[in-house]
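What follows is the residue order along each chain.
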Amino acid sequence: MENKRTCLYDKHVKQGALISPFGGFDMPIQYSTIIDEHQAVRTDCGVFDVSHMGEVTVKGADAERYVQHIFTNDVSKIEAGQILYGMMLYDNGGTVDDLLVYKMAENDFFLVINAANIDKDWEWMQKQSEGFNIELLNRSEDYGQIAVQGPNAETVVEEVLGIACKELTFYTVKTIGDVIVSRTGYTGEDGFEIYASHNYICGCWDKLMESGRCKPCGLGCRDTLRFEVGLPLYGDELSADISPVMAGLSMFCKLDKEEFVGKNALVDQKTNGVAQKLVGIELEGKAIPRHGYTVLKDGEPVGEVTTGYHSISTDKSVCMALVKAEYGKLGTPLEVQIRKKTFPGVVVKKRFYDKHYKK
């Protein structure tokens, strides 16, 4: 089966991007170097094609009740124009996906899901919709999306794209005609997401490239950026086998809600504890811990690296790892096996670099 391509694919090829499969799509991994693109987002402005992400709309008399049922966070506490992060869970507490829920209006929600999970999520969401008076639509094919990220993102979006966005605060959204503009970001920096028709998104990309005021960025630096600020990637830090409690994301699971799929399992995990826990580890030296590498305690395997890099922003070798819960306390000495050697490290907070969002 061939990979899908976004509306911007031909532009990436023309710009000489390194293309590689990701989430069922042929996506740009880098244009220049991951370091250059990473630093552009940290210090100036970068733009990402994120048209591969999935979009689902939920409308109708029971829309809020349905979203409450499938989503760990509490949308009854937010107003139109606000956004929440959270998860959809299986009954056993494992993660179907992590997602953003946009409250567009009363009983009108816009859900943004991960590209690799679109088909699986859609099937699961349809099954959960029985008994709810809603219109549930998979709009993933309809939207293109770009993310403009970095400390200068606001001025670039306002001046280059002519989109008024200053009034948006962190985790809010507005519509301009058929265009959806939000201010969230998956990089730890200020930034905006623009969802619109394929033609409109292609036009935005061209304007941004012609302006010379932002660098095109691939998914390579998107991963290094999100990792440094402790944001999870589905398939690594969350999965059908990794619950939000295990991942340290309980704050996005409102257990005081009347019900949601997987709630009972999370209550049990919070009450009785979990066998494994996601932690940060900082290694001595510059050896790079990679996904799947074994984590040890006194030579005995106790876990596995989920994501690891030599951090571009901090110049430290760090990783996130799922380890036996008894070894998850801050300051615990551990080792990581990298090829045939083991390297000493210590458990630290999963946020290796401070976020710079605009409140």
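What this report covers is the structure whose coordinates are included nearby. (Residues numbered from 1 in each chain as written. Predicted model: local features only at pLDDT ≥ 70, side-chain atom pairs only at ≥ 80, totals over all residues. Heavy atoms only, no water.)

**Describing the packing of aromatic side chains**
Consideration 1: Going through the model one piece at a time under the given rule, you end up with 11 aromatic pairs.
Consideration 2: With a centroid separation of 5.8 Å and 90 degrees between ring planes, the pair formed by Tyr102 and Tyr195 is classed as edge-to-face. Here the residue Tyr102 occupies a position in strand S6 (residues 95-105), and Tyr195 occupies one in strand S12 (residues 191-196), the gap between them amounting to 93 residues. Of the two residues, Tyr102 and Tyr195, both sit in the buried class. (Phe/Tyr/Trp six-rings, centres within 6.5 Å; stacked < 30°, edge-to-face > 60°. Helix = DSSP H or I, 4+ residues; strand = E, 2+ residues; numbered from the N terminus. Buried < 20%, exposed > 50% of the residue type's maximum accessible area, 1.4 Å probe, protein only.)

**Structural notes on unusual backbone geometry**
A negative phi angle is the norm for most residues apart from glycine, just as the trans form is the norm for most peptide bonds.
Consideration 1: Unlike most non-glycine residues, Asn107 shows phi in positive territory, near 55 degrees.
Consideration 2: On the secondary structure map, Asn107 appears in the loop between S6 and strand S7 (108-113).
Consideration 3: Positive phi, normally seen in glycine, also occurs at Asp298, with a value near 55 degrees.
Consideration 4: Along the polypeptide, Asp298 turns up in the loop between strand S15 (294-297) and strand S16 (300-310).

**With respect to the nonpolar core**
Consideration 1: Counting 37 residues, the largest nonpolar core has Phe48 and Tyr102 as its most contacted members.
Consideration 2: Taken together, the elements giving at least two residues each to this core come down to strand S5 (83-89), S6, S7, helix H7 (219-228) and strand S17 (317-324).
Consideration 3: Counting residues per element, this core draws most heavily on S5, at four residues.
Consideration 4: Beyond its immediate sequence surroundings of up to four residues, Tyr102 is in contact with Gln82, Ile83, Asp108, Phe109, Phe110, Val112, Val173, Ile180, Ser182, Glu193 and Tyr195.
Consideration 5: With 26 residues, the next largest nonpolar core counts Leu168, Val179, Ile194 and Cys214 among its residues. (Core = buried A, V, L, I, M, F, W, Y, C linked by side-chain atoms within 4.5 Å. Contact = heavy atoms within 4.5 Å.)

**Some remarks on H7**
Helical geometry: 3.6 residues make up each α-helical turn, so side chains three or four residues apart lie on a common side.
Consideration 1: The buried count for H7 comes to 10 of 10 residues, which makes it a mostly enclosed element.
Consideration 2: Taken residue by residue, H7 has Leu219, Gly220, Cys221, Arg222, Asp223, Thr224, Leu225, Arg226, Phe227 and Glu228 as its buried positions.
Consideration 3: Following H7 by one or two positions, Gly230 has its phi on the positive side, about 75 degrees.

**Considering the pairing of strand S18 (residues 333-338)**
Consideration 1: Pairing of S15 with S18, which is carried by two bridges, proceeds in the antiparallel orientation. Counted as the bridge partner of Val295 is Val336 from S18.
Consideration 2: Pairing between S18 and strand S19 (residues 341-348): six bridges, direction antiparallel. In the sheet register, Ile338 faces S19, and the bridge partner there is Lys341. (Pairing = 2+ DSSP bridges.)

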